[in-house]
Amino acid sequence: MLRSCSKNEFDEYIDFAYELATDLTRSGYPTYCDGIKTKAMFVERSLKAFERETEHMLLFVYEGEVQGLIHYYWIPDDHYFSTVSFNISRATEQALSEFLAYVGERFKGYDVFLGFPAENSAVKFLAEQGFECIENDYNNTAFLDRFDEITENNDLIRIDKENYESFKTLHCQIEGDMYWNSERLFADLDNWVIFVKDKNGKPQGAVYYYMNIDDGWFEIFGIDIHRDEYNPQLFMELLNAALFDAKRRNGKVMTFFCDKEYEEAVIECGFTCVGNYLCYKTHIE
């Protein structure tokens, strides 16, 4: 059974909820197994459910006992729905079944995105329910204080609003229905760092990362290669440029979700693999 969780109840179950959050088999994404996020961060983020009008938290009760919590949010203008936490100790499939029924009644017309580690049984359940797997990536963490030998790459072009078309040419090839499409990135460009590799006036590849200057945690959202060609040398050149720039900005850590084909290159650049991330999507009619 799902029911609303009060702040007092959350306070009561904090330790239990965080324990689940650090177990890949019993939690969803964003994960707290990445060596970055802490219990204090978990609590701070969870409390937003009781402060924001577009967030809510549910308790999952199974066989008379609380077995976990689900913290979700939505973006009305974009009809976008996802979870902040999906931490369940027992009967994950039952919790998902009830949650999808709950969401289906309240968020008609929304696109629902649910991310889980490959170790969680939720991925099998969602696949069986016909959800589309739109991401199958490897989650990686770079601790920038361990990087001493990165050198600056002066061959790359920093993108701003004046030369944005160079990046857009690449990004439009792969953006599909991703949230951070060319238009949203352009509108929010002040919070992003984008580098493009150019050859004879034509963009060959780009890397783009989001800056969270307050806590020194940056995230690479993507590396785009022209025509989606496999090019590990260019890939590593772009990746190292982002690492150098983030470290120059006194960054502490960097997150990067990458395709399996480039995971070896990512590890070679000094990242640590957290695990395999899968994201499922469905549309509520």
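Structure: above.
Given the structure is predicted, the values throughout are model-derived calculations rather than measurements. (Residues numbered from 1 in each chain as written. Predicted model: local features only at pLDDT ≥ 70, side-chain atom pairs only at ≥ 80, totals over all residues. Heavy atoms only, no water.)

Draft legend 1. The overall build of the chain, seen in detail. Secondary structure summary: the chain contains eight helices and 12 strands in total. Its C-alpha atoms give the chain a radius of gyration of 20 Å, within 12% of the compact-globule value 19 Å for 285 residues. A principal-axis box enclosing the C-alpha atoms of the chain has dimensions of 65 × 40 × 35 Å. The proportion of buried residues among the 285 residues of the chain is 48%. Sequence-distant contacts in the chain: of pairs separated by 6 or more residues, those separated by 24 or more amount to 66%. Of the roughly 14200 Å² that the chain leaves accessible, carbon and sulfur atoms contribute 45%. (Helix = DSSP H or I, 4+ residues; strand = E, 2+ residues; numbered from the N terminus. Rg over C-alpha atoms; globule rule 2.2 N^0.38 Å. Buried < 20%, exposed > 50% of the residue type's maximum accessible area, 1.4 Å probe, protein only. Contact = heavy atoms within 4.5 Å. Areas by Shrake-Rupley, 256 points an atom, 1.4 Å probe, with all protein chains shown as cover.)

Draft legend 2. Structural context of the environment of T83. Assignment of secondary structure puts T83 in strand β4 (residues 80–88). With a relative accessible area of 5%, T83 lands in the buried category. Put simply, T83 and N240 are 157 residues apart on the chain and 31 Å apart in space, counted from C-alpha to C-alpha. Excluding residues within four positions of it along the chain, T83 makes contact with Y29, P30, I70, H71, Y72, Y73, F99, F113 and L114.

Draft legend 3. Broad picture of the packing of aromatic side chains. Following the criterion strictly, the structure yields 36 aromatic pairs and no others. Seen from their ring centres, Y29 and F257 are 5.9 Å apart, and the 65 degrees between their planes marks the pair as edge-to-face. Here the residue Y29 occupies a position in the loop between α1 (7–21) and α2 (39–47), and F257 occupies one in strand β11 (residues 253–258), the gap between them amounting to 228 residues. Accessibility expressed as a relative area gives 8% for Y29, which makes it buried. Feature note: the residues Y72, W74, F81, F86, F99, Y102, F107, Y110 and F116 constitute an aromatic cluster, connected by ring pairs. The ring of F186 carries the charged tip of K161 above its face, separated from the ring centre by 5.4 Å. (Phe/Tyr/Trp six-rings, centres within 6.5 Å; stacked < 30°, edge-to-face > 60°. Lys NZ or Arg CZ within 6 Å of the ring centre and 35° of its normal.)

Draft legend 4. The pairing of β4, seen in detail. Of all nine residues in β4, nine are buried; the element is thus mostly enclosed. As defined by bridge partners, strand β3 (residues 65–75) adjoins β4 across eight bridges and the pair is classed as antiparallel. Counted as the bridge partner of H71 is S85 from β4. Counting the residues in the hairpin turn of β3 and β4 gives four residues, including H79, whose phi is positive at 50 degrees. Direction of pairing for β4 relative to strand β5 (residues 111–117): parallel, over a ladder of three bridges. (Pairing = 2+ DSSP bridges.)

Draft legend 5. Representation of unusual backbone geometry. Of note, the bond from Y29 into P30 is cis; its omega dihedral lies within 30 degrees of zero at 5 degrees. A positive phi is found at E63, a non-glycine position, where the angle reads about 50 degrees. As for its placement among the helices and strands, E63 is situated in the loop between β2 (55–62) and β3. A positive phi is found at N250, a non-glycine position, where the angle reads about 65 degrees. With respect to the helices and strands, N250 occurs in the loop between α7 (232–248) and β11. In this structure N250 comes out as exposed when scored by relative accessible area, which is 64%.

Draft legend 6. Representation of helix α3 (residues 92–106) in the model. End to end, α3 covers 21 Å across 15 residues, agreeing with the expected 21 Å (1.5 Å per residue, within 8%). Listed as buried for α3 are T92, A95, L96, F99, Y102, V103 and G104. Against the buried residues of α3 lie β1 (2–4), β2, β3, β4, β5 and α4 (122–128). (Expected span 1.5 Å × (residues − 1).)

Draft legend 7. Main features of the sheet that holds strand β9 (residues 202–210). As summarised here, the arrangement of the 12 strands in space is β1-β2-β3-β4-β5-β12-β6-β11-β10-β9-β8-β7, forming an open sheet in which the pairing is mixed. Since the sheet does not close on itself, it has two edges, and those belong to β1 and β7 (156–158), each with one partner. Adjacent strand axes in the sheet meet at a mean angle of 30 degrees when their direction is disregarded. Pairing analysis gives three bridges linking β1 to β2, with the strands arranged antiparallel. By the bridge assignment for β2, R3 is matched with L59. (Axes fitted to C-alpha atoms, helices over the stretch in contact; angles between N-to-C directions.)

Draft legend 8. Broad picture of α1. Compared with an ideal rise of 1.5 Å per residue, which puts 15 residues at 21 Å, α1 spans 18 Å between its outermost C-alpha atoms and falls more than 12% short. For α1, the complete set of buried residues consists of E9, F10, I14, A17, Y18, L20 and A21. Tucked into the core, α1 has its buried residues touching β1, α2, β2, β3 and β4.

Draft legend 9. Representation of the pairing of strand β10 (residues 217–225). The element β10 is largely enclosed, with a buried count of seven among its nine residues. Bridge analysis of β9 against β10 gives six bridges, and the strand direction is antiparallel. For Y210, the partnering residue across the bridge sits in β10 and is E219. Here β10 pairs with β11 via four bridges, running parallel.

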